[in-house]
Amino acid sequence: MVAEAQNLKVSVWRGTGETGEFETFDVPSRESQTVLDVVSWIQQQADPTLTYRFACRVGMCGSCAMMVNGIPRWTCRTHVKKVSENNTLRIEPLRNMPVIKDLVADMDPFFDKWVSAEALHHPTSTRNDAITPVDATTPERQAADAGIECINCGICYAACDTVAGNPDYLGPAALQRAWTLLNDAKDGGRIAILDAVSGSGGCHNCHSMGSCTRYCPNELDPMSAIAGLKRETFRHALRRKRDA
Amino acid sequence: MLDLKLYMAQRLTALIMAPLVIGHIAVMIYAIQGGLSAAEILGRTQGSVFWFAFYGLFVLAVSVHAAIGLRVIAHEWGGLKGPALSALTWAVGLGLLIMGARAVWAVTWA
Ligand code: FES
């Protein structure tokens, strides 16, 4: 394939932990080139010490997310020509997370919050019990299905201005998973989930700004899932008062 | 920073405030258009259980609602947290309540 005349000017964040700076590379521009292709070209052709993360390259694993010209994106499915501005790209590690090195963000705090939100399976039966049937037509199941394809890429979390201003906030991904489990006939953690998302970092901190829904690469809608949690916790609290 | 209790308190006070704000604005426009003097206004509010309840409830709701709203802004924009954030929340809430209660008292009962 013939390289197009113009090269891309790519600024890449380099550094360990909190310190670092941008380093600029000239990368040959190609037809159908993804941002991940550009990062890989730099690592293979210009500087083998560049650290970044990817696995599947087809938008399934969620490991390649980075900030591209200030916007969080799954880089393996993001075409350069859709996001470059005057043939330049600025690539940084995901926002709202500590940096390990170069383009690799530390996702531990992100996943710790999934656990804090009780966004994990709460089994209702053992291997000896019959399998709980799942009725795909119930509104609960449909609410669960709407959010179930999350690939844990962290893009919504990086996009969220509430996380940026309020670091204890659990964030859209964890809360959306809590919501899908709350609506899942096979999950038995209803009260645990409602309590977990009602704490000081819980769903009520959300201002419904909607960056999560705007930037989710799988076109999920965490903002509405969080609104569902707000409604459900509110209702549950009123009911609890009445029954007390 | 904003748990379920604070969230509920803010939503419920918003619910209370919505009709009261409309009532308040309507009364202001009416009072100005009709050219009521201060003495005439006081003549209607003094001793009125209705106006005492109307503005008393308004002040109560505003104090709770504003204290929680400012708490969020102070945390997200000002980085305030922990005891300092609680202190600010209470100071705003009680400050508004005292000032508002004095005003209500002055125009309805004093
Ligand atoms: S590399 Fe797997 S989602 Fe991009």
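These figures come from a predicted structure and were not determined experimentally.

### Quick notes on the interface of chain A and chain B
On the chain B side, the residues contacting the 15 residues of chain A number 11 residues. Remark: the boundary between chain A and chain B carries zero salt bridges. On inspection of chain A and its partner chain B, the count reaches six residue pairs in polar contact (both at pLDDT 80 or more). Breaking the side of chain A that touches chain B down by element, the ones donating at least two residues are helix 6 (161-165) and helix 10 (222-243) of chain A. Looking at which element gives the most residues to the side of chain A that touches chain B, the answer is helix 10 of chain A, with five residues.

### Regarding unusual backbone geometry
All names here are of chain A. Its identity as a non-glycine residue notwithstanding, Asn96 has a phi of 70°, on the positive side. With respect to the helices, strands and loops of the structure, Asn96 is situated in the loop between strand 5 (88-92) and strand 6 (99-101). Under the relative-accessibility criterion, Asn96 is labelled partly exposed at 24%. Although it is not a glycine, Asp102 adopts a positive phi angle of roughly 50°. Residue placement: Asp102 occurs in the loop between strand 6 and strand 7 (104-105).

### Some words on the packing of aromatic side chains
Considering all chains together, one arrives at 14 aromatic pairs over all chains under this definition. Measuring from ring centre to ring centre gives 6.0 Å for Phe110 of chain A and Trp114 of chain A, while their planes differ by 70°; the resulting arrangement is edge-to-face. Within this pair, Phe110 of chain A and its partner Trp114 of chain A are both found in helix 3 (residues 108-116), separated by four residues, close to a single helical turn. One exposure class covers both Phe110 of chain A and Trp114 of chain A, and it is buried. Ring centres of Phe111 of chain A and Trp114 of chain A lie 6.1 Å apart, and the angle between their planes is 45°; this geometry places the pair in the tilted category. Note that Phe111 of chain A and Trp114 of chain A are positioned in helix 3 at a spacing of three residues, about one turn of the helix. By the ring-pair criterion, three or more aromatic residues cluster together here, those being Phe50, Trp51, Phe54, Tyr55 and Phe58 of chain B.

### With respect to the packing of helix 7 (residues 172-182) of chain A against helix 10 of chain A
All names here are of chain A. Between helix 7 and helix 10, the shortest axis-to-axis distance is 8 Å and the interhelical angle comes to 60°. The angle between helix 7 and helix 10 falls in the class oblique. The interaxial crossing formed by helix 7 with helix 10 has left-handed handedness. Contacts between helix 7 and helix 10 involve Pro172, Leu175, Gln176, Ala178, Trp179 and Leu182 on the former and, on the latter, Pro222, Ala225, Ile226, Gly228, Leu229 and Glu232. Tallied by class, the residues present in the contact of helix 7 with helix 10 amount to nine nonpolar, two polar and one charged.

### Quick notes on the packing of helix 1 (residues 4-33) of chain B against helix 3 (residues 49-76) of chain B
Residue and element names in this part refer to chain B. In contact at an axis separation of 8 Å, helix 1 and helix 3 are set at 135° when each is read in the N-to-C sense. By the angle between their directions, the pair helix 1 and helix 3 is classed as oblique. Crossing geometry of helix 1 relative to helix 3 is assigned as left-handed. A class-by-class count of the residues in the contact of helix 1 with helix 3 yields 18 nonpolar, six polar and one charged.

### A closer look at the state of the cysteines
Residue and element names in this part refer to chain A. Scanning the model with the defined rule gives zero disulfides over all chains in all. Free of any disulfide, Cys160 has its nearest cysteine sulfur in Cys212, 6.6 Å distant. Just so you know, Cys212 is unpaired, no disulfide at all, and the nearest cysteine sulfur is the one on Cys156, 6.4 Å from it.

### Let's talk about the pattern of salt bridges
Residues and elements named next belong to chain A. Counted by the stated rule, this structure contains 12 salt bridges over all chains. Put simply, Arg190 and Glu232 hold a salt bridge, and the shortest N to O gap is 2.9 Å. Placement of the pair is Arg190 in helix 8 (residues 190-196) and Glu232 in helix 10, with a sequence separation of 42 residues. For Arg190, a relative accessible area of 33% corresponds to the partly exposed category. Where salt bridges share partners, they join Arg14, Glu23, Asp47, Lys101 and Asp102 into one cluster.

### Overview of the sheet that holds strand 1 (residues 7-14) of chain A
All names here are of chain A. The five strands are arranged 2-1-5-3-4 in an open sheet whose pairing can be described as mixed. Every interior strand has two partners, whereas the edge strands, strand 2 (21-28) and strand 4 (71-74), have only one. Neighbouring strand axes in the sheet, compared pairwise and without regard to direction, differ in orientation by 35° on average. Of the pairings in the sheet, the one linking strand 1 to strand 5 comprises four bridges and is parallel in character. In the sheet register, Lys9 faces strand 5, and the bridge partner there is Thr88.

### Some details on the domain arrangement of chain A
Residues and elements named next belong to chain A. Each assigned domain of chain A is listed here: domain 1 (8-105) and domain 2 (108-243). Using C-alpha coordinates to define each centre, domain 1 is positioned 30 Å away from domain 2. Across the contact, 15 residues belong to domain 1 and 17 residues belong to domain 2. Here domain 1 meets domain 2 over a buried area of about 1200 Å², counting both sides, of which 66% is carbon and sulfur. It is Trp74, Arg95 and Asn96 that lose the most area in domain 1 upon contact with domain 2, and together they represent 42% of the buried surface on that side. Remark: the boundary between domain 1 and domain 2 carries one salt bridge. Seen at the junction of domain 1 and domain 2, the total is six residue pairs in polar contact (both at pLDDT 80 or more).

Reading the values: rules and limits
Residues numbered from 1 in each chain as written. Chains lettered and ligands numbered in written order. Predicted model: local features only at pLDDT ≥ 70, side-chain atom pairs only at ≥ 80, totals over all residues. Heavy atoms only, no water. Contact = heavy atoms within 4.5 Å. Salt bridge = Lys/Arg side-chain N within 4 Å of Asp/Glu carboxyl O. Polar contact = N/O pair within 3.5 Å; in protein donor to acceptor, adjacent residues only side chain to side chain. Helix = DSSP H or I, 4+ residues; strand = E, 2+ residues; numbered from the N terminus. Buried < 20%, exposed > 50% of the residue type's maximum accessible area, 1.4 Å probe, protein only. Phe/Tyr/Trp six-rings, centres within 6.5 Å; stacked < 30°, edge-to-face > 60°. Axes fitted to C-alpha atoms, helices over the stretch in contact; angles between N-to-C directions. Parallel < 35°, antiparallel > 145°, perpendicular 65-115°, else oblique. Left-handed = near helix turned anticlockwise from the far one by under 90°. Nonpolar A, V, L, I, M, F, W, Y, C, P; charged D, E, K, R; others polar. Disulfide = S-S within 2.5 Å. Pairing = 2+ DSSP bridges. Domains from an automatic or database assignment. Buried area = accessible area lost by both parts, 1.4 Å probe.

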